[in-house]
Amino acid sequence: MIKRLAGRMAWMSALAGVVLLAVPFAFGHFWQTSSIPSGGMLPTYPVGKTVVFTMVDGSEVRRGDVVLAHAPWFPSGPDTVVKRVVALGGDHVSQRPGGPVMLNGVALQEPYLKDRPDSGIKPFDVTVPPGRMFLLGDNRNDSLDSRFHQEEPGSGTLPVDAAFARDQHFPLWGSLAALGAGVVSIPVLLLATVLTVVALILRRRRTG
């Protein structure tokens, strides 16, 4: 009776350990955590805040998304930025000093902005090429974004494929739980090993 119980518990513990160990590897392909490096997205994201981003490809990017994207906007080479997508291929997006951002002739409603009305310190008037996106920070007075690269090919826009993740407001505890599952799997697998040894010892004693 004890031998059977130990054997069953060993199998159950091993199975539970394997499942728990697989959780962070499985979900790691779907989300990524990132710490906000600067004040360019205030007040939506405070500096240093850890955000859980869901992995996406370019076809999944939508207007209004906050994305992680590779941007060649820095002297040291391509880097990752956290910005909001305000326009996509075919959109006409513009802003005059002191006015709102205009998207296809309509004032864009932006309740997330740090300063309202937006100062429009860097005017722009861009028709976004197909397959590209125009990015802005929520803190328009302190954000290195598409506005400051209008003289470059694409008028400051980036390919939608440059965005590899977006914030879908996945709670941080979700990622921590997944990581915690991996940690918990270690003692569970150790327990399975101990129970297996116990079951083998009991079996030998019985056959002996």
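Being a predicted model, the structure only gives us computed values, none of them experimental. (Residues numbered from 1 in each chain as written. Predicted model: local features only at pLDDT ≥ 70, side-chain atom pairs only at ≥ 80, totals over all residues. Heavy atoms only, no water.)

S.K.: Quick question: what am I supposed to make of the layout of surface pockets here?
M.R.: Empty space among the atoms becomes apparent when a probe as large as a water molecule is rolled across them. Roughly 170 Å³ of volume is contained in the second largest pocket. Lining the second largest pocket are 13 residues, and of these Pro37, Ser38, Val81, Val82 and Lys83 sit closest to its centre. (1 Å grid on protein atoms, 1.4 Å probe; cavity = no way out; pocket = protein on both sides within 12 Å on 5 of 7 lines; lining within 4 Å. Points joined across faces, edges and corners; volume = space filled by probe spheres on them.)

S.K.: Any chance you could explain the pairing of strand β5 (residues 92-95) here in plain terms?
M.R.: A regular strand carries its side chains on alternate faces of the sheet. The sheet contact formed by β5 and strand β8 (residues 124-127) spans four bridges and is antiparallel. Among the inter-strand pairings, His92 is bridged to a residue of β8, identified as Thr127. As defined by bridge partners, β5 adjoins strand β6 (residues 102-103) across two bridges and the pair is classed as antiparallel. When the sheet's bridge partners are listed, Val93 is paired in β6 with Leu103. (Pairing = 2+ DSSP bridges. Helix = DSSP H or I, 4+ residues; strand = E, 2+ residues; numbered from the N terminus.)

S.K.: Which parts of the structure should I look at to understand the confidence of the model for the protein chain?
M.R.: Low-confidence regions, as indicated by low pLDDT, have predicted coordinates that should not be scrutinised in detail. Residue-level pLDDT values for the protein chain average 76, and 62% of them are 70 or greater. Put simply, helix α1 (residues 2-27) is where the protein chain has its lowest mean pLDDT, 47, and strand β9 (residues 132-136) is where it has its highest, 97. Throughout residues 16-29 the model reports pLDDT below 50, and contacts reaching past four residues in sequence, or to other chains, amount to 18 contacts. Segment residues 172-185: pLDDT under 50, and 19 contacts once partners within four positions in sequence are set aside and those in other chains are kept. (pLDDT = per-residue confidence, 0-100. Contact = heavy atoms within 4.5 Å.)

S.K.: Got a minute to help me understand the nonpolar core in this structure?
M.R.: Side chains of a nonpolar character, in soluble globular proteins, are inclined to be buried together. With 14 residues, the main nonpolar core has Ala69, Val85, Met133, Leu135 and Leu158 as its most contacted residues. Among the secondary structure elements, those contributing two or more residues to this core are β3 (66-71), β4 (79-88) and β9. Sequence-distant contacts of Ala69, that is, excluding residues within four places in its chain, are made with Asp79, Thr80, Val81, Met133, Leu135, Ala162, Ala163 and Phe164. (Core = buried A, V, L, I, M, F, W, Y, C linked by side-chain atoms within 4.5 Å. Buried < 20%, exposed > 50% of the residue type's maximum accessible area, 1.4 Å probe, protein only.)

S.K.: What is the right way to look at the packing of aromatic side chains in this model?
M.R.: How two aromatic rings sit relative to each other is set out by the distance from centre to centre and by the angle between their planes. Taken as a whole and judged by the stated rule, the model has one aromatic pair. Look at Phe124 and Phe134: their rings are 5.0 Å apart centre to centre, the planes differ by 35 degrees, and that puts the pair in the tilted class. Of this pair, Phe124 sits in strand β8 while Phe134 sits in strand β9; the two residues are 10 residues apart in sequence, bridging distant segments of the chain. The class for Phe124 is buried, based on a relative accessible area of 4%. A cation sits over an aromatic face here: Arg84 above Tyr112, 3.7 Å from the ring centre. (Phe/Tyr/Trp six-rings, centres within 6.5 Å; stacked < 30°, edge-to-face > 60°. Lys NZ or Arg CZ within 6 Å of the ring centre and 35° of its normal.)

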